Every structure is written in structure tokens, then in C-alpha cells.
Amino acid sequence: MGIIEFDALASTNTYAKENIDKLGHFDIVLAAVQTAGRGRRGRTWLSREGGLYFSVVLKPHKAQPAFTHAMALSVCDTLKAYGAPVYIKWPNDVLARGKKLCGILSEAVFENNFLKGIIIGAGINVAQNEVKTDKPAVTLKKLGIAADGKKLLNDILLLFGQNYNRLSEGGFSAIKAAYKANFPYLGKEISIDTGRGLITGSALDLDGEGRILVKTAGGVEAVSLGDMGF
Ligand code: BTN
């Protein structure tokens, strides 16, 4: 593992994608500032000084949708140890007091149907003066928590390494209990925008692949991706 560090980049995910051949498994791209930070669904991710912006390059034998769950879990458990009142909004947002503290963007890089790598990018609101995400946002600083970006990154990577190994060996089931311990929505009414429609119902459980099982009026649906309302 090596950390490649920049004062500024357009986007750590874009850099990792464009340089995927030169980067190895578990290499990290880190930038103090991003000028064109990207969020999910084509949204922008404002990335001013004071935040933590990084991408982890993975070159797994087998891709698993739950890599992003593993990152959300690692960020959440790390921030909890720092004293932040955090929890996960499925599949991979980390919130505190109803506001977004971390967003994760996973991207797969293919060439001729061959998977060259998976990039897991995370943006954490540490101490920026201005934050703006798709939803109301908060920083660790506003929560009264002082954190050093580099130490935070190392702490997250340590946990992510462990969760990644568990996941690779046992699938999402191997980290499910830890994930569920940070997921307060089970048994509650939720709605998920899948991009193809809204699924509304009671959150029953997560399955062995990290999909959320929602009891709707029409039966139980297993949803693999979407934006959960909050
Ligand atoms: C979201 O919640 O929409 C996902 C936000 C992901 C932001 C991070 S910051 C580091 C990495 N580089 C990017 O351009 N995006 C991700």
C-alpha cells in the first residue's frame, strides 16, 4: 500500500481511474483539495480545504457490491471512536444528527469486459468552513470534534483493511452484524429512490449481499442500490 498525495486534484477518483494501470491493490490517492469532486448520480462534491478526500484502489479477484458497505462501516466505526454520534444510511452515507458527514463513491474500471479495478472514494467533512452536499451536511468540527486528517485516514484504512479481508473471505455476511449495529433504520418506514422509481415500505433486514429488504404493499423487495431518504 502506498499513499500518493496531492495538494489539489480535480478528483481523486478520476485520477485513480485514469492511472489505474500504474496503481496497485490498496494504493491510496489523497488530495487536500478537489476542484471537481464528484458525488453519486453526477452530483458535485464541494471539496474545500479542511476536508478529507481520498480514493482506495482495489484489484480484487472478484468484485463485491459490498466493498462500499465495508468503507461506510470503517468510516463509521472510526468516527464513533473519535466520539462522533454517527450511523450509516444505507448503503454508504455516514450521518450524524441527521446530517451528512461522509459520502462514498465507488466506481469500477473495465477494459474490454475485464475488470481492471474498483475505486472507493470517500469525502469526509472534517473542518471545512463551507460544506455542501445533496443533503444537509455537518463537519466533525461543528460536532465539537478535532481530528487530524492524516491520522483519521490511517485509522480508517486500518479498519477498512480488516473489513475488506472479512468481506473477501465471507461475503457481506461476515461484516453484516457490525454494519447492522450502525444502521438504525431496521423496522422503520423508509423510501429509496432507485433512479427508476421510489420504493417505500418497512426496512426488514439486509441480505447476504448487502441488499436491503423492504416490505412494500406488493411484497418484499431486495434493493441493491439507491438513495434512501432521510
Ligand atoms: C456522494 O455522497 O454523493 C459521494 C461523494 C463522494 C466524494 C468523494 S471525495 C473523494 C472521491 N473523489 C471524488 O471525486 N469523489 C469521492
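As a starting point, this report considers the structure included with it. No experiment lies behind these values; they were computed from the predicted model shown.

About the cut-offs
Residues numbered from 1 in each chain as written. Predicted model: local features only at pLDDT ≥ 70, side-chain atom pairs only at ≥ 80, totals over all residues. Heavy atoms only, no water. Axes fitted to C-alpha atoms, helices over the stretch in contact; angles between N-to-C directions. Helix = DSSP H or I, 4+ residues; strand = E, 2+ residues; numbered from the N terminus. Parallel < 35°, antiparallel > 145°, perpendicular 65-115°, else oblique. Contact = heavy atoms within 4.5 Å. Nonpolar A, V, L, I, M, F, W, Y, C, P; charged D, E, K, R; others polar. Near = heavy atom within 4 Å. Polar contact = N/O pair within 3.5 Å; in protein donor to acceptor, adjacent residues only side chain to side chain. Areas by Shrake-Rupley, 256 points an atom, 1.4 Å probe, with all protein chains shown as cover. 1 Å grid on protein atoms, 1.4 Å probe; cavity = no way out; pocket = protein on both sides within 12 Å on 5 of 7 lines; lining within 4 Å. Sits in = over half its atoms within 2 Å of the grid points. Expected span 1.5 Å × (residues − 1). Buried < 20%, exposed > 50% of the residue type's maximum accessible area, 1.4 Å probe, protein only. Core = buried A, V, L, I, M, F, W, Y, C linked by side-chain atoms within 4.5 Å. Points joined across faces, edges and corners; volume = space filled by probe spheres on them. Phe/Tyr/Trp six-rings, centres within 6.5 Å; stacked < 30°, edge-to-face > 60°.

Section: the packing of helix α3 (residues 149-170) against helix α4 (residues 173-180)
Phase 1: At their nearest, the axes of α3 and α4 sit 7 Å apart, and the two run at 135° to each other. Here α3 is positioned oblique relative to α4, judged by the angle of their axes. Contacts between α3 and α4 involve Asn163, Arg166, Leu167 and Gly170 from the former and Ser173, Ala174 and Ile175 from the latter.
Phase 2: Split by residue class, the contact of α3 with α4 holds three nonpolar, three polar and one charged.

Regarding the site of the ligand
Phase 1: Taken together, 18 residues surround the ligand, and among them Ser11, Gln34, Arg38, Arg40 and Lys100 come closest.
Phase 2: Here a nitrogen atom of the ligand sits 3.1 Å away from a polar atom, N or O, in the side chain of Thr12.
Phase 3: When the ligand is considered free in solution it has 420 Å² of accessible area, and contact with the protein chains removes 100% of it.
Phase 4: Here the ligand is seated within the largest cavity.
Phase 5: Elements represented by at least two residues in the shell around the ligand include exactly α1 (12-18), β6 (99-111) and β7 (114-124).
Phase 6: Ranked by residue count, the leading element in the shell around the ligand is β6, at four residues.
Phase 7: For the shell around the ligand, a count of residues per class yields five nonpolar, nine polar and four charged.

Digging into α3
Phase 1: Its 22 residues place the ends of α3 31 Å apart at the C-alpha level, agreeing with the 32 Å of an ideal helix rising 1.5 Å per residue.
Phase 2: Where α3 is concerned, the buried positions are Leu152, Leu153, Ile156, Leu157, Phe160, Gly161, Asn163, Tyr164 and Leu167.
Phase 3: On its buried face, α3 is in contact with β1 (3-9), β2 (28-34), β3 (52-58), α2 (67-81), β7 and α4.
Phase 4: The positive-phi residue at the C-terminal boundary of α3 is Gly171, with phi of around 70°.

Describing the nonpolar core
Phase 1: The biggest cluster of nonpolar side chains holds 57 residues, and the ones touching the most others in it are Phe54 and Ile212.
Phase 2: Those residues in contact with Phe54 that lie beyond four places of it in its chain are Thr12, Ile28, Val29, Leu30, Met71, Ile120, Gly121, Ala122, Ile124, Leu153, Ile156 and Leu157.
Phase 3: Counting residues in each nonpolar core, the second largest holds nine residues, with Ala16, Leu23, Val29 and Val109 among its members.

With respect to the layout of surface pockets
Phase 1: Empty space within the largest pocket amounts to approximately 510 Å³.
Phase 2: As for the largest pocket, its lining consists of 24 residues, and the residues nearest its centre are Pro65, Thr68, Asn92, Ser106 and Leu225.
Phase 3: Elements supplying a minimum of two residues to the lining of the largest pocket: α2, β6 and β7.
Phase 4: For the lining of the largest pocket, the element with the highest residue contribution is β6, accounting for four residues.
Phase 5: For the lining of the largest pocket, a count of residues per class yields nine nonpolar, nine polar and six charged.

Some words on the side chain of Ser47
Phase 1: For Ser47, the location among the structural elements is in the loop between β2 and β3.
Phase 2: The class of Ser47 is buried, set by a relative accessible area of 3%.
Phase 3: Among the polar contacts listed, one links the side chain of Ser47 to the backbone oxygen of Trp45, at a separation of 2.6 Å.
Phase 4: Residues contacting Ser47, with those up to four places away along its chain left out, are Val33, Gln34, Gly37 and Tyr53.

Description of the packing of aromatic side chains
Phase 1: This model, assessed by the stated rule, comprises nine aromatic pairs.
Phase 2: Ring geometry for Phe26 against Tyr164: centres 5.6 Å apart, planes inclined by 85°, an arrangement best described as edge-to-face. Here the residue Phe26 occupies a position in the loop between α1 and β2, and Tyr164 occupies one in helix α3, the gap between them amounting to 138 residues. Exposure class is identical for Phe26 and Tyr164. Each is buried.
Phase 3: Judged by centre distance (6.1 Å) and plane angle (35°), the ring pair of Tyr179 and Phe183 falls under tilted. The two residues Tyr179 and Phe183 agree in class, both being buried.
Phase 4: Of the aromatic side chains, those joined through ring pairs into one cluster are Tyr87, Phe172, Tyr179, Phe183 and Tyr185.

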